[in-house]
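# Per-entry structural report
Now for the letters of each chain:
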Amino acid sequence: MGEISDALRRAREREEGGAGDPASPAPRPASPSPRDAAPGSDAARDSAAQVEIPAGRSGAWRSRAVLVRSSGAAAERFRQAALRLRRELGERGVRSLALTSALRGEGKTTSACNLALALADLSSDKRFVLVDLDLRRPAVAAGLSIEAEVGVERVLSGFAEPEAALLRTQVPNLDVLPALHGSPYAHQSLASPELPRLLEWLEARYDTIVLDTSPVLLAPDTTLTLARVDAWLLISAVGVTRQRALRELFAAIPRDRLLGALVNRTSTPRHVSQYGYYHPPPGAGRP
Ligand SMILES: Nc1ncnc2c1ncn2[C@@H]1O[C@H](COP(=O)(O)OP(=O)(O)O)[C@@H](O)[C@H]1O
Ligand SMILES: [Mg+2]
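Residues numbered from 1 in each chain as written. Chains lettered and ligands numbered in written order. Predicted model: local features only at pLDDT ≥ 70, side-chain atom pairs only at ≥ 80, totals over all residues.

### Description of the site of ligand 1
Operational definition: Being near a molecule or strand means, for a residue, that its backbone-placed C-beta atom lies within 6 Å of it. Numbering of helices and strands starts at the N terminus; helices are DSSP runs of H or I of at least 4 residues and strands are runs of E of at least 2. Any residue that is not Ala, Val, Leu, Ile, Met, Phe, Trp, Tyr, Cys, Pro, Asp, Glu, Lys or Arg is counted as polar, Gly included; the first ten are nonpolar and the last four charged.
Of all residues adjacent to ligand 1, which total 14 residues, the nearest are Glu106, Gly107, Lys108, Thr109 and Thr110. Residue contributions to the shell around ligand 1 peak at three residues, all from helix α5 (residues 108-122). When its residues are assigned to classes, the shell around ligand 1 shows three nonpolar, six polar and five charged.

The structure is reproduced here in structure tokens:
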């Protein structure tokens, strides 16, 4: 707790000194903002830059296994999970969904990227946006192997409008709002009124907002985020997540809007590993 108070004090001092740190909230411009555009307007989205998420198996391909269109078990598991998730989201009227976990390395970013891709694939009539709200260690851009010039952290600190950070992808119904620079003051941005404003802006344009977040047990950030979203999904990983961490996680998060849990890094049973056999070989086009 001492560390958090120190960080808050340092940030306040910086702000008073006018250093202009992107992590510090700044007054919003008085001029009319595209954020105030009529609900449903697409002008802001249409002006967003376009990126190509590589569909090859190089780099961090696990984060885009679904896009790689392999018949691999990892991609199929995410598709299956997305199918169940789609039903839950529809039944509960969830517009914003945060993916989180106890600690690092459990697969939050991997799951967020793949579930967003799989949901977009399964519901071509709906619009999805994937937002990186792990403002300590952003990883969505690296996970998708895309480059960005403006990160969502600048939007949340009042230095940029959302469309400046928004990226359209080659998946027509999936946009991405990446974060670029990790900050130890991330909790300030997530506690600011900019977060609900951004979510409102996104809800006016997208059917579902998928949010990658930071580990619940390592920083207050995700607790702040959960207070603003409709629902959350917990990620745990076989061989990574310890029981004690899981217990602490359950004690730390509110249960009211918990959708369920996704277990990552499960080993593939033999009958499932044969599943790829029923798909055309890679490169032969989609089934
Ligand atoms: N199912 C999986 N199989 C193999 N590697 C995985 C799997 N899920 C995640 N990883 C790898 O584990 C590391 C941590 O995953 P990541 O999604 O970044 O975790 P988190 O966001 O929770 O910190 C990454 O290098 C990622 O590629
Ligand atoms: Mg991550």
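### Quick word on the packing of helix α4 (residues 73-92) against α5
Put simply, the test is: Fitted lines through C-alpha atoms give the axes, limited to the stretch in contact for helices. The angle between two N-to-C directions lies from 0 to 180 degrees. Every angle not falling under 35 degrees, over 145, or within 65 to 115 is termed oblique; those three ranges are roughly parallel, roughly antiparallel and roughly perpendicular. Helix crossings fall into two classes, left-handed where the near helix is turned counterclockwise from the far one by less than a right angle and right-handed where it is turned clockwise. The contact criterion used here is simple: two residues whose C-beta atoms, placed from the backbone, lie within 7 Å are in contact.
α5 packs onto α4 with a crossing angle of 65 degrees between their chain directions and a minimal axis gap of 9 Å. Classed by the angle they form, the pair α4 and α5 counts as roughly perpendicular. When you trace α4 past α5, the crossing you get is right-handed. Residue-level contacts link Phe78, Arg79, Ala81, Ala82, Leu83, Leu85 and Arg86 of α4 to Asn114, Leu115, Ala118, Leu119 and Leu122 of α5. Its residues assigned to classes, the contact of α4 with α5 comprises nine nonpolar, one polar and two charged.

### A word on the environment of Leu198
Note the threshold: Here the C-beta atoms are placed from the backbone, and a residue counts as buried if at least 20 other C-beta atoms lie within 10 Å of its own, exposed if 12 or fewer do, and partly exposed otherwise.
Tracing the backbone shows Leu198 in helix α10 (residues 194-203). According to the C-beta neighbour criterion, Leu198 is buried, with 24 such atoms within 10 Å. Look past the residues within four positions of Leu198 in its chain and what remains in contact with it is Val155, Leu156 and Pro162.

### Points about the environment of Leu226
You can see Leu226 is positioned in helix α11 (residues 221-226). As for Leu226 and Thr213, which are separated by 13 residues in sequence, their C-alpha atoms are 9.5 Å apart. The residues contacting Leu226, other than those within four sequence positions of it, are Ala98, Trp232, Ile253 and Pro254.

### Side note on the sheet that holds strand β2 (residues 96-100)
Filter applied, for reference: Should DSSP find at least two bridges between two strands, the strands are taken to pair.
Read across the open sheet, the eight strands follow the order β1-β4-β5-β3-β6-β2-β7-β8; overall the sheet is mixed. Strand pairing shows two members of the sheet lacking a second neighbour, β1 (49-50) and β8 (258-264), which therefore form its edges.

### Here's the deal with the nonpolar core
Grouped burial of nonpolar side chains is what soluble globular proteins tend to show. Test applied: By definition, a nonpolar core groups buried Ala, Val, Leu, Ile, Met, Phe, Trp, Tyr and Cys residues that are joined through C-beta atoms within 7 Å.
If you look at the biggest cluster of nonpolar residues, it comprises 66 residues, and the most contacted ones within it are Leu97, Leu115, Ala116, Phe128, Leu130, Val210 and Leu211. Ranked by residue count, the leading element in this core is α5, at eight residues. Leu97 has contacts with Leu89, Thr208, Ile209, Val210, Leu211, Val229, Asp230, Ala231, Trp232 and Leu233, leaving out every residue within four places of it along the chain.

### Here's the deal with the pairing of strand β3 (residues 128-132)
For a regular strand, side-chain orientation follows a simple rule: the groups alternate between the two sheet faces. A large share of β3 lies buried, amounting to five of its five residues. Every second residue of β3 is oriented toward a common face, with Phe128, Leu130 and Asp132 on one face and Val129 and Val131 on the other, all of them buried. Bridge count for β3 against strand β5 (residues 174-177) is four bridges, and the pairing is parallel. Opposite Val131, over in β5, you have Leu177 as the bridge partner. In terms of strand pairing, β3 meets strand β6 (residues 208-212) through five bridges, oriented parallel. Considered in β6, the bridge of Val129 is made with Ile209.

### A closer look at the environment of Asp175
Mapped onto the fold, Asp175 is located in strand β5. Considered as a pair, Asp175 and Ala49 are 126 residues apart in the sequence and their alpha carbons are 9.9 Å apart. What Asp175 contacts, discounting residues up to four positions off in sequence, is Arg45, Ala48, Val129, Leu166, Leu167, Arg168 and Thr169.

### Overview of the confidence of the model for the protein
As a reminder of what qualifies: Predictor confidence is given residue by residue as pLDDT, running from a minimum of 0 to a maximum of 100.
Mean pLDDT for the protein: 83, with 78% of residues reaching 70 or above. Note on residues 1-40: pLDDT is under 50 here. Beyond four places in sequence and across chains, it has 46 contacts.

### Topic: the pairing of β6
With five of five residues buried, β6 is to be regarded as a mostly interior element. Burial of the side chains of β6 extends over both faces: Thr208, Val210 and Asp212 are buried on one face and Ile209 and Leu211 on the other. Pairing of β2 with β6 involves four bridges; the strand directions are parallel. Bridge pairing in β6 links Ser96 to Ile209.

### With respect to α4
How we decide: The span you would expect from a helix comes to 1.5 Å times its residue count less one.
Counted at 1.5 Å a residue, the expected span for α4 with its 20 residues is 28 Å, and the 28 Å between its end C-alpha atoms agrees. Buried residues belonging to α4 abut α3 (65-68), β2, α5, β6 and β8. Two residues or fewer past α4, Gly93 is found with a positive phi of approximately 65 degrees.

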